[in-house]
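Secondary and tertiary structure notes
Letter by letter, the chains look like this.
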Amino acid sequence: GHRLVTLSIGRGSPLNCRKPMNVLLFMKAFWECRRFFQKEPAHAVVGLGGFAASVPGILAGLGGVPLVLLEQNAIPGRVTRFLSRWADEIHLQFAEASAFIKAESAALKNSGSPPRRDIAALYEAGQPEVSARQHLLVMGGSQGAERLNQLVREAAPRLVANGIRLIHVTGPRDHGSCAIAYEPLAGQAKAIA
């Protein structure tokens, strides 16, 4: 029931000299978002990181709209660090991330990372092999996910051979290649998009 509004923002930093169009796209996104907020004022803005979050986050900060940031990395991304000056709350997956953020300590919340339903279901089902074997849950994100997924795919046969059951949250882009790579591992490695 929610409407999706997209912005014409470039991929990567608007300050990237190798992508001069990003500056123009950033400015265009800024005006698009500003017009949207004028028509439909925001009650709050939630930023999930990445440069797409920068424009609504800046406008929230400048306009006095409550701003909540979610940071999933141990070392916060540039956008989270930049927007932290205006954030009312910053929810961290890793407490160590607070060392990199200049914000009031009251704004920092160590929320952790709740497991996705598929992963939680493995443990809620009470399957005997879940408690009897070692499990490794791998999930990556941000700019390192593709390389992480490649490394995990390569390591999976060795992990399984050493008695470790692998659950790999790949993201949609690498899910197919990981699922195919794990087929010969007799159900001891699973890719989740």
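Our structure is the block above this text.
This section reports on the structure supplied with the text. Computed from a predicted model, the values in this text were never measured in an experiment. Residue numbers run consecutively from 1 along every chain, following the written order of its sequence. The predicted nature of this model means local features are confined to residues of pLDDT at least 70 and side-chain atom pairs, given and counted, to a pLDDT of 80 or more, with totals for whole chains, interfaces and linings taken over all residues. Values reported for side chains reflect all heavy atoms of the structure, with hydrogen atoms and water molecules removed beforehand.

Some points on the packing of helix H1 (residues 21-39) against helix H2 (residues 54-63)
Applicable threshold: For helices, the axis comes from a line fit to the C-alpha atoms of the stretch in contact; other axes are also lines fit to C-alpha atoms, and the angle between any two N-to-C directions lies between 0 and 180 degrees. Each helix is a run of H or I in the DSSP string that is no shorter than four residues. Each strand is a run of E no shorter than two, and both are numbered from the N terminus. When describing relative orientation, an angle under 35 degrees is termed roughly parallel and one over 145 degrees roughly antiparallel, while 65 to 115 degrees is termed roughly perpendicular and anything else oblique. Definitions for this section: a left-handed crossing has its near helix turned counterclockwise from the far helix by less than a right angle. A right-handed crossing has that turn clockwise. Whether two residues are in contact is decided by their heavy atoms: any pair within 4.5 Å suffices. In this count, Pro and Cys sit with the nonpolar residues alongside Ala, Val, Leu, Ile, Met, Phe, Trp and Tyr, while Asp, Glu, Lys and Arg are called charged and the others, Gly among them, polar.
Between H1 and H2, the least distance of the axes is 9 Å, while the angle of their chain directions is 55°. On the basis of the axis angle, H1 is oblique to H2. Here the hand of the crossing between H1 and H2 comes out right-handed. Together, Phe-26, Ala-29, Phe-30, Cys-33, Arg-34 and Phe-37 of H1 and Ser-54, Val-55, Pro-56, Ile-58 and Leu-59 of H2 make up the contact between the two elements. Counted by class, the contact of H1 with H2 contains nine nonpolar, one polar and one charged residues.

Description of the environment of Gly-49
Positionally, Gly-49 belongs in the loop between strand E1 (45-47) and H2. A C-alpha to C-alpha distance of 7.5 Å links Gly-49 and Leu-69, two positions 20 residues apart in sequence. When residues no more than four places from it in sequence are discounted, the contact partners of Gly-49 are Leu-70 and Thr-80.

A closer look at the side chain of Asn-149
Here is the rule we go by: Partly exposed residues are those whose accessible area sits between 20% and 50% of the maximum for their type, while under 20% is buried and over 50% is exposed, using a 1.4 Å probe and protein chains only.
The residue Asn-149 is located in helix H6 (residues 145-161) in this model. Residue class for Asn-149 comes out buried when judged on its relative accessible area of 1%. Asn-149 has contacts with His-168, Val-169, Thr-170, Asp-174 and Cys-178, leaving out every residue within four places of it along the chain.

A word on the packing of aromatic side chains
Cut-off, in case you're wondering: Pairing of aromatic rings covers Phe, Tyr and Trp, the last through its six-membered ring, and needs centres within 6.5 Å; plane angles under 30 degrees mean stacked, over 60 mean edge-to-face, and all others mean tilted. Any Lys NZ or Arg CZ found within 6 Å of a ring centre and within 35 degrees of that ring's normal is scored as a charge over the ring.
Enumeration according to the criterion identifies three aromatic pairs in this entry. Ring geometry for Phe-36 versus Phe-37: centroids 6.1 Å apart, planes at 50°, classification tilted. Ring centres 5.5 Å apart and planes at 85° place the aromatic pair Phe-82 and Trp-86 in the edge-to-face group. Using a relative accessible area of 26% as the deciding quantity, one classes Trp-86 as partly exposed. Directly above the aromatic system of Trp-86 lies the positively charged group of Arg-85, at a separation of 5.7 Å from the ring centroid.

A look at the packing of H6 against helix H7 (residues 172-182)
Here H6 crosses H7 at 5°, and the two axes come no closer than 10 Å. One way to sum up the angle between H6 and H7 is to call them roughly parallel. Touching Ala-145, Glu-146, Asn-149, Val-152, Arg-153 and Ala-156 of H6 are Arg-173, Asp-174, Ser-177, Cys-178, Ala-181 and Tyr-182, all from H7. Among the residues forming the contact of H6 with H7, the class breakdown is six nonpolar, two polar and four charged.

Some thoughts on the pairing of strand E2 (residues 67-71)
For clarity, the cut-off: Should DSSP find at least two bridges between two strands, the strands are taken to pair. The handedness of a crossover follows from its direction of travel: if, with the strands pointing away from the viewer, the path from the first strand over the helix to the second runs clockwise, the crossover is right-handed.
Burial of the side chains of E2 is restricted to one face: Leu-67, Leu-69 and Glu-71 are buried, whereas none of Val-68 and Leu-70 on the reverse face is. Judged from the three bridges that link them, E1 and E2 form a sheet pairing that is parallel. Within E2, the position partnered with Val-46 by the bridge is Val-68. Each parallel crossover has a hand, and the one from E1 via H2 to E2 is right-handed. Relative to strand E3 (residues 89-92), E2 runs parallel, the two being bridged by four bridges. Looking across to E3, one finds that Val-68 is bridged to Glu-89. On the question of chirality, the crossover connecting E2 to the parallel E3 by way of helix H3 (residues 78-83) is right-handed.

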